[in-house]
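Residue-level structural notes
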Amino acid sequence: MSKTTADSPAETPRADPAGDDQDLGAAGSQLSTAPVETAMPGSFGGNRAPGLTGWLAWTGREVLGWARWFWRQLTSMRVALMLLFLLSLGAVPGSLIPQSGTDALKVSEFQDAHKTLGPIYQKLGLFHVFSSAWFGAIYVMLFVSLVGCIIPRTWQFVGQLRGRPPGAPKRLNRLPAYATWRTAAEPEQVREVALATLKKRRFRAHIAGDAVAAEKGYLRETGNLLFHLALIVMLIAFAWGQLFKSEGDKLIVEGDGFSNTLTQYDDFKSGNLFSDDDLVPFSFNLKNFVGTYERTGPNRGTPSTFQADITYSLGAYGKAEKHTIKVNEPLEIGDSKVYLVSHGYAPVVTVRDGKGNVVLHQAVPMLPIDSNITSQGAIKVLDGYKDAQGVAEQLGFAALFVPTYAKGSGTMFSQYPGLDYPVLNVTGYHGDLGVNSGIPQNVYQLDTKNLKQFKTAKGAILKSQLLPGETMTLPNGAGSITFDKQIKEWAGFQVVQQPGTTWALTGALTAIVGLAGSLFIQRRRVWVRATTGADGITVVEMAGLGRSESAKLPEELGDLAALVHDRAPTKTDGDSPKSETGSTKSDQGSAKTDRGSTKSDIGSVKTDGGSTKSDVGSTKSDPGSARTDEAPTKTGEGSPKSETGSPAPETGSPTPGTGPTKTDADLTSDDDPKTPTSDADTHDSDSGVEPPVPAEGAEK
């Protein structure tokens, strides 16, 4: 009988790695296309010949050698990871420190507040991280590293796909996973069975000499290359988007419109390669804004409806179309997207001079300062106003607006974002607003440097809280300001044009898929060798090799070996002839054990760290040792047993009336239908109990 077993360290000693690599040859090569890292050499020039020619030749070899070494280091995985880490680390200041391309006002405030750090950050380029020279250098080096890594690995991988799995090494028992058994099937039959089995399990397999060579798990390297390619796509997409992007903000009051030109924007930023011609020609009008809020519960004041109804047209003569823009549901026009980003109120006010002439009548947008839309702003009368003496000057009003005023609180803070009880607080100024100085001003703030406050007859500052329809009269016949009953709403829009976002998203998803494939798919090789042994019996050997040792490889090899074993089963010792009576003759009444005792069919697949059990066995002997089984040899009913498994030597012959003595090999269903099959046929490989061995002494 034959069996499967796990080689112990004493039976199969581990050789040194160099010897293993030399023994495996091509079988253990090209499991990965990763470049081989080399240590830093001392010199590439070698021996230098005398004279100028020798020095030039030596210098050329030295420069070329160092250039090649630097290229290998740049395209190595270690350097690529370092560059990726530096790129991520360099992006941190861009998130924590104000950036001039995003908010120049905050950068100016930071420099004014930090007199020491401000100049240092400016020299290091920390106020414009993503356009600085050092960030661009890291970005370019990472890009070159990925390209230099993926191109040669791709060609190498294509060559592997076009080739065949390498042939089996000389000694399969030195591989991490190994199984063997003896079978009565012919070697050619075993190889055909193994080839069909491996192909059915989606292995690339072929017959090479006396063995079948198979390989599986190419998607691991495909995922690795796909991950690197996706990173390159993402880098290109991000760079393209930053260079050609544009982003502008516009506040529009109900009834007003917008045309996509630079002069129409309140704030505009763009990439270095963006031009005015890249703007998509379109326009739209804000017809109505709808904003509703929760009135009760813990979410009181939270917006429940937040949408802007507009009409837009593409080009100068495009047909007007209606559309509703909601939060996270932008209007897409060509390459541009129009987002709804903010909302507020614009109370309508009317300003008259001392003669009653209207010098200003418009909705004035107020900017919110809290979640309940407590807002502040400035009302400016630039032209057309004259005081009581007929002198032309400018008027300004600092305004504070609350949509829901808390009665009796005495504070101008809104209690709810809806228009339940609107109040407008104004404080009047007159003089020079400074708009003619050429210095840009914030339209929502009032510069009081050259202005004087209106005061009452008692010398108090003139200010008033107005309800819709109320008027505040200015002293000395200077005019009046009226808070009209109409209150409009405004919406803030952001127009974004950033190419490459689709490519960046595609690259990110592809990188995730490729990374998952490279992490969870194992590339492995399996060989099945079938040869004729010295005794004429076919010996089957199966072995597996993976890129990295894993418990799954021995398990998979055990499953494959079981499938092959089903069609090329183990040859048993039951083929030996028996006497006519079916009894086994013993020598002097005792059963002898074979010197090279055969183990049971149930065994295990050998691994480096131990053994993985399988249902397939290998024929292994214990040379130089006479071994007996712990389980006793079965005799006729009622006969005593010895501790060694041989019949009791009291009479030297079977007990009368019980029949002749039988060994395990003789106890089959053919002898007695009620007799169970042998332990070797029913033994569970995971039980850890070794089945009995048949006694020697049968007539050959």
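Report on the accompanying structure. Fair warning: this is a prediction, and the values are worked out from it, not measured in the lab.

About the thresholds
- Residues numbered from 1 in each chain as written.
- Predicted model: local features only at pLDDT ≥ 70, side-chain atom pairs only at ≥ 80, totals over all residues.
- Heavy atoms only, no water.
- Pairing = 2+ DSSP bridges.
- Helix = DSSP H or I, 4+ residues; strand = E, 2+ residues; numbered from the N terminus.
- Axes fitted to C-alpha atoms, helices over the stretch in contact; angles between N-to-C directions.
- Patch = residues over 30% accessible without salt bridge, like charges linked within 9 Å, V, L, I, M, F, W, Y side chains within 5 Å.
- Areas by Shrake-Rupley, 256 points an atom, 1.4 Å probe, with all protein chains shown as cover.
- Salt bridge = Lys/Arg side-chain N within 4 Å of Asp/Glu carboxyl O.
- Buried < 20%, exposed > 50% of the residue type's maximum accessible area, 1.4 Å probe, protein only.
- Polar contact = N/O pair within 3.5 Å; in protein donor to acceptor, adjacent residues only side chain to side chain.
- Contact = heavy atoms within 4.5 Å.
- Parallel < 35°, antiparallel > 145°, perpendicular 65-115°, else oblique.
- Left-handed = near helix turned anticlockwise from the far one by under 90°.
- Nonpolar A, V, L, I, M, F, W, Y, C, P; charged D, E, K, R; others polar.

Thoughts on the sheet that holds strand 9 (residues 321-326)
- Taking strand neighbours across the sheet as the criterion, the 4 strands line up as 5-7-8-9 in an open arrangement whose pairing is antiparallel. The sheet is open, and its two borders are formed by strand 5 (257-259) and strand 9, each paired with just one other strand. Shown here is a sheet whose adjacent strand axes are inclined to one another by a mean of 30°, direction ignored.
- Pairing of strand 8 (residues 303-314) with strand 9, which is carried by 6 bridges, proceeds in the antiparallel orientation. Directly across from Thr 311, in strand 9, lies its bridge partner Lys 322.

Some details on a nonpolar patch on the surface
- A cluster of nonpolar side chains, Phe 85, Leu 86, Leu 89, Val 92 and Leu 96, forms an exposed patch at the surface whose accessible area comes to about 500 Å².
- The residue Leu 86 is located in helix 3 (residues 77-96) in this model.
- Judged by relative accessible area, which is 37%, Leu 86 ranks as partly exposed.

Let's talk about the side chain of Lys 250
- Tracing the sequence through the fold places Lys 250 in strand 4 (residues 246-253).
- Overall, the relative accessible area of 19% leaves Lys 250 in the buried class.
- At a separation of 3.1 Å, a polar atom in the side chain of Lys 250 contacts the main-chain carbonyl oxygen of Gln 264.
- Every residue in contact with Lys 250, bar those within four places of it in the chain, is listed here: Phe 258, Gln 264, Asp 266, Ala 491, Gly 492 and Phe 493.

Looking at the packing of helix 8 (residues 218-244) against helix 9 (residues 501-520)
- At a minimum axis distance of 7 Å, the contact between helix 8 and helix 9 shows a crossing angle of 160°. What the angle tells us is that helix 8 and helix 9 run roughly antiparallel. For the crossing formed where helix 8 meets helix 9, the hand is left-handed. For the pair helix 8 and helix 9, the contacting residues are Arg 220, Gly 223, Asn 224, Leu 226, Phe 227, Ala 230, Val 233, Met 234, Ala 237 and Phe 238 in the first and Trp 503, Ala 504, Gly 507, Ala 508, Thr 510, Ala 511, Gly 514, Leu 515, Gly 517, Ser 518 and Leu 519 in the second.
- Here the residues of the contact of helix 8 with helix 9 are counted per class, giving 13 nonpolar, 7 polar and 1 charged.

Describing the pattern of salt bridges
- Taken as a whole and judged by the stated rule, the model has 11 salt bridges.
- Taking the shortest distance from any N to any O, the salt bridge between Arg 153 and Glu 221 comes out at 3.0 Å. Here Arg 153, found in helix 6 (residues 133-162), pairs with Glu 221, found in helix 8; they are 68 residues apart in sequence, far enough to count as distant. With respect to class, Arg 153 is no different from Glu 221; both count as buried.
- Among the salt bridges present, the one from Glu 188 reaches Arg 191, with a minimum N-O distance of 3.8 Å. A residue pair is termed a helical-turn pair when its members lie 3 or 4 positions apart in one helix, as Glu 188 and Arg 191 do in helix 7 (residues 187-200) at 3 residues.
- Each member of the salt-bridge network shares a partner with another, and the members are Glu 215, Arg 523 and Arg 525.

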